[in-house]
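So you can see what is in the structure, the chains are spelled out below.
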Amino acid sequence: MAVSKPRPAHLLVSPLRTPSRDCSPDYLTMARDRPATPDRASRSSFSSIRENESILPQCFSKTKISSYLDPEAIDDLPLPSPTGSTSSTDSQELKMIQAQTHAHTQQHTQPPTTFLPPVTNPNSRLLGYWTPADSFRGWKEIQVKGKLASKSFGDLQILHQVFKDTPKPNKRGGANRPGDAPLERLPTEILTSIINLLALDVPPNGVSRRNVDLMSLLLTSRTLHIATLSTLYSRITIPHSRIFQKFLAHISEHSTLGTIVRRLDFCHFNPAQLFSTAAERSQARNLTSETLLRCLDLTPNLQEFLAQEYLDDDLNPDVLLKLFLGLPRLQAVDFCGCTSTKFKEAFTSIVSPDWPPVLSIRRLSLHKCLTLPSVVLETILPRLNHLTHLDVAGTRITDAALAAIPVTARITHLNLAKCTLLTARGVINFLSSHPAVKKLQFLSLATDARSHQLFDAVSLNELLPILPKTLKSLSLKGSKMESSHVELLRPLTKHLEELAIGRSLTLADINRLFVPDETNNDDVQMQLDWVPQTLKYLDLSDFWGQELDLVYLFSSGCAILKNFSEPLEVIEVAEDVFKRVKKSTVAVERAGWKMSECGSRGWLVRQPPKDEVTGKPIVRDDGRRSWKMGADSWGMRKIPVARAEVGGMYGSFMFGRKL
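What counts, and where the lines are drawn
- Residues numbered from 1 in each chain as written.
- Predicted model: local features only at pLDDT ≥ 70, side-chain atom pairs only at ≥ 80, totals over all residues.
- Heavy atoms only, no water.
- Helix = DSSP H or I, 4+ residues; strand = E, 2+ residues; numbered from the N terminus.
- Buried < 20%, exposed > 50% of the residue type's maximum accessible area, 1.4 Å probe, protein only.
- Contact = heavy atoms within 4.5 Å.
- Areas by Shrake-Rupley, 256 points an atom, 1.4 Å probe, with all protein chains shown as cover.
- pLDDT = per-residue confidence, 0-100.
- Core = buried A, V, L, I, M, F, W, Y, C linked by side-chain atoms within 4.5 Å.
- Salt bridge = Lys/Arg side-chain N within 4 Å of Asp/Glu carboxyl O.
- Arc of directions from axis to C-beta.
- Phe/Tyr/Trp six-rings, centres within 6.5 Å; stacked < 30°, edge-to-face > 60°.
- Lys NZ or Arg CZ within 6 Å of the ring centre and 35° of its normal.
- Expected span 1.5 Å × (residues − 1).
- Patch = residues over 30% accessible without salt bridge, like charges linked within 9 Å, V, L, I, M, F, W, Y side chains within 5 Å.
- Polar contact = N/O pair within 3.5 Å; in protein donor to acceptor, adjacent residues only side chain to side chain.
- Pairing = 2+ DSSP bridges.
- Right-handed = clockwise from strand over helix to strand, strands pointing away.
- Axes fitted to C-alpha atoms, helices over the stretch in contact; angles between N-to-C directions.
- Parallel < 35°, antiparallel > 145°, perpendicular 65-115°, else oblique.
- Left-handed = near helix turned anticlockwise from the far one by under 90°.
- Nonpolar A, V, L, I, M, F, W, Y, C, P; charged D, E, K, R; others polar.

### A closer look at the overall build of the chain
And then number 1: Summing up its helical and strand segments, the chain has 24 helices and 18 strands in all.
And then number 2: By residue count, 42% of the 659 residues in the chain fall in the buried class.
And then number 3: Residue pairs at least 24 apart in sequence account for 68% of intrachain contacts in the chain once pairs closer than 6 positions are excluded.
And then number 4: On the chain, roughly 35,600 Å² of surface is accessible, and the fraction owed to carbon and sulfur atoms is 55%.

### Description of the confidence of the model for the chain
And then number 1: Per-chain confidence: the chain averages 78 in pLDDT, with 69% of residues scoring 70 or above.
And then number 2: Under a pLDDT of 50 for its full length, residues 1–25 has, in the predicted model, 26 contacts with residues more than four places off or in other chains.
And then number 3: Ignoring residues within four places in sequence, the model shows residues 37–87, a span with pLDDT below 50, making 76 contacts including any to other chains.

### Topic: the nonpolar core
For soluble globular proteins, nonpolar side chains are generally found buried alongside one another.
And then number 1: In this structure, Phe305, Phe335, Phe347, Leu431 and Ile501 are the most contacted members of the largest nonpolar core, which totals 121 residues.
And then number 2: Not counting the four nearest positions on each side in its chain, Phe335 is found in contact with Phe305, Ala307, Leu315, Leu320, Leu323, Phe324, Phe343, Phe347, Ser365, Leu366, His367 and Cys369.
And then number 3: Formed by 11 residues, the second largest nonpolar core is a distinct cluster that contains Tyr537, Ala631, Met636 and Met654.

### Focus: the pattern of salt bridges
And then number 1: On inspection of all chains with the given rule, the structure shows 18 salt bridges.
And then number 2: One salt bridge in this structure joins Glu487 and Arg490, with 3.3 Å as the shortest N-O distance.
And then number 3: Exposure remark for Glu487: the relative accessible area of 40% places this residue in the partly exposed category.
And then number 4: With relative accessibility at 6%, the residue Arg490 sits in the buried group.
And then number 5: The shortest N-O distance in the salt bridge between Arg637 and Glu572 comes to 3.1 Å. Of this pair, Arg637 sits in the loop between β18 (601–606) and α24 (648–656) while Glu572 is found in strand β16 (residues 570–573), placing the two residues 65 residues apart along the sequence.

### Concerning helix α22 (residues 575–582)
And then number 1: Residues of α22 that are buried include every one of Val577, Phe578 and Val581, and no others. Along the long axis of α22, the arc covered by the buried residues comes to 100 degrees, so they all point the same way.
And then number 2: On its buried face, α22 sits against α21 (550–553), β16, α23 (585–590), β17 (593–598) and β18.

### Some details on unusual backbone geometry
And then number 1: Of note, the amide linkage connecting Glu566 to Pro567 takes the cis form, showing an omega dihedral of 15 degrees.
And then number 2: By the secondary structure assignment, Pro567 is in the loop between α21 and β16.
And then number 3: Even without being a glycine, Ser504 presents a positive backbone phi close to 80 degrees.
And then number 4: Its place among the elements puts Ser504 in the loop between β14 (498–500) and α19 (507–511).
And then number 5: Positive phi is not limited to glycine here, since Met629 has a value of about 55 degrees.
And then number 6: Relative to the helices and strands, Met629 resides in the loop between β18 and α24.

### Points about the packing of aromatic side chains
And then number 1: Throughout the structure, instances matching the rule amount to 10 aromatic pairs.
And then number 2: Where Phe266 meets Phe269, the ring centres are 6.4 Å apart and the plane angle is 70 degrees; that geometry is what we call edge-to-face. Comparing Phe266 with Phe269 shows no difference in burial state: the two are buried.
And then number 3: Judged by centre distance (5.7 Å) and plane angle (35 degrees), the rings of Phe324 and Trp355 are tilted. Pair noted here: Phe324 is in helix α12 (residues 317–325) and Trp355 is in the loop between α13 (341–350) and β9 (363–365), with a separation of 31 residues, a long-range link.
And then number 4: The class of Phe324 is buried, set by a relative accessible area of 5%.
And then number 5: For Trp355, a relative accessible area of 7% corresponds to the buried category.
And then number 6: Through pairs of rings, three or more aromatic residues link up here, namely Phe324, Phe335, Phe343, Phe347 and Trp355.
And then number 7: Above the ring of Tyr650, the side-chain terminus of Lys638 is found at 4.3 Å from the ring centroid.

### What to know about helix α8 (residues 241–253)
And then number 1: For α8, built from 13 residues, the straight-helix expectation of 18 Å at 1.5 Å per residue is met to within 8% by its first-to-last C-alpha distance of 18 Å.
And then number 2: Taken as a whole, α8 has its buried residues at Ser241, Phe244, Phe247, Leu248 and Ile251. Down the axis of α8, the sector holding all buried residues measures 115 degrees, keeping them to one side.
And then number 3: Tucked into the core, α8 has its buried residues touching α7 (222–234), β5 (235–237), α9 (255–260), β6 (263–265) and α11 (289–297).

### Focus on a nonpolar patch on the surface
And then number 1: There is a patch of nonpolar side chains on the surface, built from Leu183, Leu186, Ile190 and Ile194 and spanning about 300 Å² of accessible area.
And then number 2: Topologically, Ile190 is positioned in helix α5 (residues 188–196).
And then number 3: Judged by its relative accessible area of 42%, Ile190 falls in the partly exposed class.

### A short note on the side chain of His367
And then number 1: Structurally, His367 can be placed in the loop between β9 and α14 (374–380).
And then number 2: Its relative accessible area of 3% is what places His367 among the buried residues.
And then number 3: Within the structure, His367 has its side chain in polar contact with the side chain of Asp391 (distance 3.1 Å).
And then number 4: In contact with His367, other than residues within four places in its own chain, are Phe335, Cys336, Gly337, Asp391, Ala393, Asn415, Arg637, Lys638 and Phe653.

### Overview of the pairing of strand β7 (residues 304–308)
When a strand is regular, its side chains alternate between the sheet's two faces.
And then number 1: Burial runs high along β7: five of the five residues are buried.
And then number 2: Residues of β7 alternate between two faces, with Glu304, Leu306 and Gln308 on one and Phe305 and Ala307 on the opposite face, all of them buried.
And then number 3: Relative to β7, β6 runs parallel, the two sharing three bridges. Bridge pairing in β7 links Leu264 to Phe305.
And then number 4: Strand direction decides the pairing type here: β7 and strand β8 (residues 332–336), joined by five bridges, are parallel. What sits directly across from Glu304, in β8, is Ala332.
And then number 5: Running through α12, the crossover from β7 to the neighbouring parallel element β8 is right-handed.

### Some words on the packing of α11 against α12
And then number 1: Following both chains from N to C, one finds α11 and α12 inclined at 20 degrees, their axes separated by 9 Å at the closest point. Classified by the interaxial angle, the pair formed by α11 and α12 is roughly parallel. Between α11 and α12 lies a crossing whose hand is left-handed. Contact residues: Ser289, Leu292, Leu293, Leu296 and Asp297 in α11; Asp318, Val319, Lys322 and Leu323 in α12.
And then number 2: When its residues are assigned to classes, the contact of α11 with α12 shows five nonpolar, one polar and three charged.

What follows is the structure, encoded as structure tokens:
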């Protein structure tokens, strides 16, 4: 710091009082008569920076020259002499300052600072400097008072001691800091549930782009990027082998993405989208047994594996062992339609009595796995302690394998359709005594009456009373029924939503399910106690040819197509009957119904009534139920093992194919 020459004592000015009588009149006259300069507002300084009162100063305290113009900023009292000789006025002022300093110190408990006078003038308080105490924490901690005590506008604003607060900048409406938008502040569980609504379980046809919305969310913000990754990689749908190759490359490069995967869905897989022949597909080497096994190794948290008949040749022994024994979190497996010789041999080679006593699988579908030997089911089923969904339609399951299901299982969905090795006695004993089937919701005992019959009239008399009241869907298609069975079916229609009727009944018998009898006096009490049925779907596909009396169906004496049958919405008819009814669409529409078909199946669907004011159709029940696992149509013939929209090969097996 620059040090000026000491000024003579008679020129010292005390800012706390009027100029001393020792001041020279010539000096005062010279200062008063000095002409004004263009830079009058600015002041010189010992440094190279010029200070200006009209702007914020560059230093916390004022310099020597600027202090002359501000008589209240500093106190230029001479230091007390070693002998303590001071004037009386100076002593009083010094005591006053010390008292104020002491009070200030007591109030703020700040350690005292030290004043070091200049070496050339030990008696001056003007040219010296103050040194802060050892515990000094910066200028922000100094409790300043008054505007003239500090030129730091920031300190004064913090202490709320400025004369006028600076206006706060107006915040633009809708603008948020990164990561602070209302959507981004939602809990992760809620945000993920919202983003899940944008995911497509059913990919678009062909090789067009899908999940475009999710790809856009990845570029929105860091918070949405993380939440979208969970949705994008938790449920992987593979429509063709090129998608699988890209997915495998991503999780190979970024192994963390593989840990997010919870579902591998091949139900939409169709090699014909990219390759016209199997030879071209094998040459591409996108999806093989080796790449599939590598994919399973990179997805250790996989919970659902959904395959189908186009994938059966790639399910070699290593892949099957990985699925059943190498993925401890796997809960759902679907091998729908896998019937190839390679698949059969691979499954037969891996089953062994040395398997662990308990498997993690809860939902198993071997729907239409026609070639699997009985030993496979007899080995796997006893190890499914937590089984809830079992679809073995068309397989070689036996009574022994069915009875071997652990008592700890809690089966809600059971499909035993077209299981030719089962007997009526074995099924009745299982349904009546096994603890695992006390809360069934879906039960299919359907058969093709042209080739096999599981239940006759006597067996049905024993079966119908033992069925649980929790049932929502029951298929007795192919069973031989009698008119007496209507009395046993009526209690079931009070909680069933789907019912498939067997053969040998008439439409008049079916009509009794919807209205009470009116033949004798005893029926009066029945009419008073009548509880409406809850059926949404009725399967009459076992009425072939002329067995379905169309004249009676559209007559006024039949309640099936009338409002009395509500909430009935869908009636399935045989293929030949559908062709006959299709020729009379005018009569069908006049009755308030319409025709609908998919593949080899056909239905009569009730048309929704129109609003009297707007004329628009009234929105009816969309058909979604929790027990249908994502399906919204009625009459499914395959049990889904994953909650998802129905499509692809699974949609064909559920709604497009014959039994």
